[in-house]
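For reference, the chains in residue letters:
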Amino acid sequence: MSFEIEKGRPIPSNRHDNPFPLDQMVVGDSFTVNHSVMRPGTVSSRIATWNKRNPAMKFITRQVNRQGRGKTTRVWRVV
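As the structure is a prediction and not an experimental result, all values here were calculated from the model.

Reading the values: the criteria
Residues numbered from 1 in each chain as written. Predicted model: local features only at pLDDT ≥ 70, side-chain atom pairs only at ≥ 80, totals over all residues. Heavy atoms only, no water. Helix = DSSP H or I, 4+ residues; strand = E, 2+ residues; numbered from the N terminus. Rg over C-alpha atoms; globule rule 2.2 N^0.38 Å. Buried < 20%, exposed > 50% of the residue type's maximum accessible area, 1.4 Å probe, protein only. Contact = heavy atoms within 4.5 Å. Pairing = 2+ DSSP bridges. Core = buried A, V, L, I, M, F, W, Y, C linked by side-chain atoms within 4.5 Å.

Novice: Pulling in residues and values, what's your account of the overall build of the chain?
Specialist: A count of helices and strands for the chain gives one helix and three strands. Along the chain direction, N to C, the helices and strands of the chain fall in the order β-α-β-β. Its C-alpha radius of gyration of 18 Å places the chain more than 25% over the 12 Å reference for a compact globule of 79 residues. Principal-axis analysis of the C-alpha atoms places the extent of the chain at approximately 60 × 30 × 15 Å. The buried share of the chain, taken over its 79 residues, is 23%. Contacts in the chain between residues far apart in sequence, at least 24 positions, make up 49% of those at least 6 positions apart.

The structure is reproduced here in structure tokens:
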């Protein structure tokens with residue numbers, strides 16, 4: 001068995017890009033994510049990971065029912 005050695009190949013990132021504008025938000029700002037776009041558990045998980053990696057900023061999530069627009073998850077910056 002032989003393998004070809006390649007030089008100069010960049011290592012791909014294994015991190016997922018965060019689709020949320022968290023680093024642009026100030027305390028009191030919020031946004032919604034429609035459940036048809038992203039599952040509530042996925043939103044909460046990504047926010048929890050962000051909170052763990054960025055202790056100077058804190059966000060919370062709540063599931064809300066927007067009248068006539070279906071269920072969404074709202075994300076608030078609290079610290």
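So, next bit.
Novice: A description of the pairing of strand 3 (residues 70-77) should follow, citing residues and the corresponding values.
Specialist: Here five bridges tie strand 1 (residues 30-34) to strand 3, and the two strands are oriented antiparallel to one another. Its bridge partner being in strand 3, phenylalanine 31 is matched across the sheet by valine 75. Alignment of strand 2 (residues 59-66) against strand 3, held across eight bridges, turns out to be antiparallel. For phenylalanine 59, the partnering residue across the bridge sits in strand 3 and is arginine 77. Between strand 2 and strand 3, which pair antiparallel and follow one another directly, the connecting turn spans three residues, one of which, glycine 68, has a positive phi of 75°.

Novice: I'd love a proper account of the nonpolar core, names of residues and values included.
Specialist: Counting 12 residues, the largest nonpolar core consists of Phe20, Leu22, Met25, Phe31, Val33, Met38, Val43, Ile47, Trp50, Met57, Phe59 and Val75. Among the elements of the structure, strand 1 and helix 1 (40-53) are those that each provide at least two residues to this core. Counting residues per element, this core draws most heavily on helix 1, which supplies three residues. Beyond its immediate chain neighbours, meaning those up to four positions away, tryptophan 50 contacts Asn18, Leu22, Asp23, Met57 and Phe59.

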